[in-house]
Structures are given as C-alpha cells and as structure tokens.
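Structural overview for review
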Amino acid sequence: MTDHPVRLSRRQALQGAFAGLAGTHAGQVLAGDATPPPAVSSPPGLCLLAPQAVEGPYYFDPKLVRADITDGRPGLPLDLELRILESGPCTAIANARVDIWHADAGGVYSGYAGQGDDGGTSTEGKSYLRGTQITNETGTVQFITVYPGWYPGRTPHIHLKVYLDEKTVLIGQVYFPDDVSARIYKAHEAYAMRPVADTTNTSDFLFQHGQRDGGGIVLAVAEENGRVRATLLIGVDRSGNSARRAEGWGGYFQRVLGSR
C-alpha cells in the first residue's frame, strides 16, 4: 500500500452544506451549542474537493482497526465523525480506509523520540491516538479519542489519510476553532501544564497556506456533558490523482517541517 469547509453560518451547517476547495477555510464553530450540526446528512448540490495537506513526520501504521484510539491517554473526550464522499456527485464512498493520528494532551505523538518542548520525550513503542476505521454504506467512520494538545509551532490538529482500493485519495489535516481550543486548555486538568498554545489557526503557516497546502479545514464542533463532538464531510477524488499531484509539493513541506 502506498503511503500514503469558508466558515459557515449555523444555518448553513444545519442544512448540511459542505465547502472544501483548496485555499478555503471550512467548517462551523458551535462552541457551547448542545446540538451538533448534522454533518453526516446528504449535502445539497456538489461536493467540492477537500484539499490535501502534508503528512508530517509522525505517521506510521500500527495496524490497529479500532474506533477507540485513546489507550488510556488523559484529555477531554472527543467523538470524531467523518463522512467520505466522492467530490462532484456527492455519493458516499463505502469500504474506504480512514487512518487518523494526533498528539496527546501534552502535544506528544506516540511512537517517536525527540519530542516535547525540550525535545527530550520519547514514546517509542507506543501507539496511542492512532487507528483505522472502514467507512460504512453511508461513507461514515467514527472515532473515540481525546481533544489534541498543541506543540510548538503548530495549531491543534488531527491528521488523516483516506485510502480506496489500496491507493491514497487524501492526505489531510483538520483543525479546531481557536476559541474552543483556548477554553478547553484553560478549563481541563489534562492541559493545565500547557494552557496557552503558542500557535493558533490564524498564525499557523500550514493552516494559512491553504491554496498550496490545504490548510484551514475547521471541524464542526459542539460541547455537551463533558465531551466534544466534531464532525466533517470530506469530498475526495476517488481516482487518487489529486493526492498524487499533492505529493510533489508535499515533500517540500515535509522537509520544511523538520521535526514538527
């Protein structure tokens, strides 16, 4: 296997609208709203192509097909729901493989040395906050995880890959509303040692570099009963051509990112 929405109004989100052209900022901020948007309902019109983004240096495949990827890591519970659709006709893509991975509450990924604010943290041999799910007949996958922490130079984010028939159709990064992250980091014990992120969406170079690097896909977020629910519709090119084109400039950003 190869390695491998313009911020919407609440009404638009509730109508299931989706926007994801490269260079646009997407999603819906519903901070404090107890009713999440129905991001898994069928959107009207065309589904536009979700932008690609760099893989980054912390990917590996632990071969763990599981919905709950927490492995006991502390943090505010996060229920993540993604729906994979074919861009253009909006048809659901069933049996696609979706991998996600992200940093823990302390901003550290599993499986790698040289992390932490001082570069002295190693998590080699661990595979927390990584997992794979296969889309159902509606193109949907669900993960149980924790709200990701931040690390120097990057705004909070989750990485994902989507594969179809053993080819990569998306390498992406998805983000959270800045105000939600700021509130969570200050209010929850797991983030208390690092309550203020040094980078936000508005200052993150990958988020802002949307036209060339697919930054700025903001999840629809709602908070209720001590949990966060985040949802997103994702339009992909099932041929894999968009992902292959992205790999050319993605390698450049991979080198620029260095140890990030």
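Residues numbered from 1 in each chain as written. Predicted model: local features only at pLDDT ≥ 70, side-chain atom pairs only at ≥ 80, totals over all residues. Heavy atoms only, no water.

Focus: the overall build of the protein chain
On a plain count of helices and strands, the protein chain comes out with five helices and eight strands. Starting at the N terminus, the α and β elements of the protein chain follow one another as α-β-β-β-β-β-β-α-α-α-β-β-α. (Helix = DSSP H or I, 4+ residues; strand = E, 2+ residues; numbered from the N terminus.)

Section: the nonpolar core
By size, the foremost hydrophobic cluster in this structure holds 40 residues, and its most contacted members are Leu82, Ile100, Tyr147, Leu219 and Ile234. Taken together, the elements giving at least two residues each to this core come down to β1 (77-86), β2 (97-101), β4 (140-146), β5 (157-164), β6 (167-175), α2 (178-187) and β8 (227-236). Top contributing element to this core by residue count: β8, with five residues. Residues Tyr58, Tyr59, Tyr109 and Tyr163 belong to the second largest nonpolar core, which totals seven residues. (Core = buried A, V, L, I, M, F, W, Y, C linked by side-chain atoms within 4.5 Å. Buried < 20%, exposed > 50% of the residue type's maximum accessible area, 1.4 Å probe, protein only.)

Re the sheet that holds β5
Read across the sheet, four strands follow the order β3-β2-β5-β6 without closing on themselves; strand pairing throughout is antiparallel. The open sheet has two edge strands, β3 (130-134) and β6, and neither has a second partner. Taken over all neighbouring pairs, the strand axes of this sheet differ in orientation by 20° on average, direction set aside. Two strands pair when backbone bridges link them, and β2 and β5 are joined in this way by five bridges, in the antiparallel orientation. Bridge pairing in β5 places Arg97 opposite Tyr163. (Pairing = 2+ DSSP bridges. Axes fitted to C-alpha atoms, helices over the stretch in contact; angles between N-to-C directions.)

Observations regarding the environment of Gly125
Inspection of the secondary structure assignment puts Gly125 in the loop between β2 and β3. Sequence separation between Gly125 and Ala113 is twelve residues, and the spatial gap between their C-alpha atoms is 9.8 Å.

Details of the pattern of salt bridges
For the structure on display, the rule yields twelve salt bridges. Where Asp61 meets Arg97, a salt bridge forms, and the shortest distance between an N and an O atom there is 3.0 Å. Within this pair, whereas Asp61 is found in the loop between α1 (10-14) and β1, its partner Arg97 is found in strand β2, the two being separated by 36 residues in sequence. Using a relative accessible area of 14% as the deciding quantity, one classes Arg97 as buried. Its salt-bridge partner being Arg73, residue Asp104 comes within 2.7 Å of it at the nearest N-O pair. Placement of the pair is Asp104 in the loop between β2 and β3 and Arg73 in the loop between α1 and β1, with a sequence separation of 31 residues. Judged by relative accessible area, Asp104 falls into the buried class, the value being 6%. Accessibility expressed as a relative area gives 27% for Arg73, which makes it partly exposed. It is possible to trace a salt-bridge network through shared partners that takes in Asp61, Lys63, Arg97 and Asp99. (Salt bridge = Lys/Arg side-chain N within 4 Å of Asp/Glu carboxyl O.)

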